[in-house]
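# Remarks on the overall topology
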Amino acid sequence: MTVGTAPASVFDADLPTLTYEAAETPAEVYPRIQAAQRMAPIAMGPYGPEILSYDLVRYFLRDARFQIPPGLNLLVQGITSGPLWDKVVNSLLGLEGDAHHRLRSLTSKAFTPRATLRLHNTMVDVMNELVDRVVDAGRCDVVTDLARPYPVPIICALLGAPREDWQQFSLWADEIFEAFSFTVDVREIEPVVMRAWGELDDYVDDMVARRRHSLTDDLLSDLIRAEDDGDRLNAAELRMLAGGLLLAGTDTTRNQLAASVHVLCEHPEQWELLREQPELAMRAVEETMRHSPIACGTLRQVVEDVELAGYLFPAGTMVLVNTAAANRDPAVYDDPDRVDITREGAPAILTFGGGVHYCLGANLARRELAEALNVLAERLHNPRTAGPAPWKPMVSLTGPKSLPIEFDTDR
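As a starting point, this report considers the structure included with it. (Residues numbered from 1 in each chain as written. Predicted model: local features only at pLDDT ≥ 70, side-chain atom pairs only at ≥ 80, totals over all residues. Heavy atoms only, no water.)

## A closer look at the packing of helix α7 (residues 120–134) against helix α17 (residues 362–379)
- Two numbers describe how α7 lies on α17: the axes approach to 9 Å, and their chain directions differ by 40°. Taken together, the axes of α7 and α17 lie oblique to each other. The handedness of the crossing between α7 and α17 comes out as right-handed. Between α7 and α17, the contacting residues are His120, Met123, Val124, Met127, Asn128, Val131 and Asp132 on the first element and Leu364, Arg367, Glu368, Glu371, Ala372, Val375, Leu376 and Arg379 on the second. (Axes fitted to C-alpha atoms, helices over the stretch in contact; angles between N-to-C directions. Helix = DSSP H or I, 4+ residues; strand = E, 2+ residues; numbered from the N terminus. Parallel < 35°, antiparallel > 145°, perpendicular 65-115°, else oblique. Left-handed = near helix turned anticlockwise from the far one by under 90°. Contact = heavy atoms within 4.5 Å.)

Laid out in structure tokens, this is it:
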């Protein structure tokens, strides 16, 4: 036995290779992920080392030596300066260390489960109104008719924005979110993104100015009130947080709602179980997000040489942390490909991240999805797909591009 042998660099180790194209969907790639996962907890993917096991993914998300890359996907595209770069690196997701801890401390109370409960009636009302528009037809496209228009009115209510402005918010979210895609040339769309972001900033500034004179029962007022040992959020921070909430909570909720409905349509016994036992809604959210998440991974950059699991990760290495693979790790989940909304004793899914960057809006997202699924399960009986339901590529936010369904109704 050799004593003191240095671990091999992750790039020199005999790791399985995991290949996929940028346009491939999760369902197309997943068999290859499974095959690689059976061989080792790490694979060499198209973007570098890819972490596949639940335990290692959880570790990477919690260890401060693995940080979110400055500029997120902008860095991968070679963009390291400019107005868009400045916006992204100064967002809550882009901050690290003391600056990040300060903002989390000031804002965390506004996102507790209790704080999100005040939106229960709004969530139910919005989804019921959307179902009202399609229920008589006995068919709809879940993506365009239900999922797409659902989250923005709720975010408007959360912030205290007039509900009639939701379409403008939706447009801003669509345009700005393009900057976070791996499938477009960000340089080409940067002018459109920055114009939309500037308009959103101006709108939020006006809202903040009004709230300072008349605080109400909404998130923006909570953020203005927020104080930690005399420290308060300034105008730029309030603007960043409010805008960030719109961006983080729009496309994610839209896509995951459509994905969760798709999963349950493919498992009608689970849909019927939810209809009979609406108290299972939160479990249905967890299980469908575990089985079919719309965010399949996250990037981390190694900030110092790290020895882990018998491998050396050199400083500067870009690592893809494959949370989708972790969520179906057979070493952790019994029969991981099975969909079971009564699943008990399973560890928490890793889709919302972990450690200091655990998703601030996770409680809100879970509540939005649960309320929506309960309304749909109650009102749409025996839903079944009524045509192709193609998904978007795995390397961006995925989810159904369209989801035509037919259903029986009970008004």
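## Some points on the environment of Phe407
- Examined against the element boundaries, Phe407 turns out to sit in strand β11 (residues 404–409).
- C-alpha of Phe407 to C-alpha of Ala23: the two residues are 384 residues apart in sequence and 31 Å apart in space.
- Apart from residues no more than four positions distant in its own chain, Phe407 is found in contact with Val134, Val135, Gly138, Arg139, Cys140, Leu380, His381, Asn382, Pro383 and Arg384.

## Some thoughts on unusual backbone geometry
- Phi at Ala309 takes a positive value of approximately 55°, unusual for a residue other than glycine.
- Structurally, the position occupied by Ala309 is in the loop between β7 (306–308) and β8 (311–313).
- Using a relative accessible area of 47% as the deciding quantity, one classes Ala309 as partly exposed.
- Positive phi, normally seen in glycine, also occurs at Asn382, with a value near 50°.
- Along the polypeptide, Asn382 turns up in strand β10 (residues 380–385).
- The exposure class assigned to Asn382 is partly exposed, which follows from its relative accessible area of 43%. (Buried < 20%, exposed > 50% of the residue type's maximum accessible area, 1.4 Å probe, protein only.)

## Section: the environment of Gln167
- Within the secondary structure, Gln167 is located in helix α10 (residues 166–177).
- For Gln167, a relative accessible area of 55% corresponds to the exposed category.
- Residues Gln167 and Phe180 lie 13 residues apart in sequence; the distance between their C-alpha atoms is 21 Å.

What is shown is where atoms sit, not what they do.
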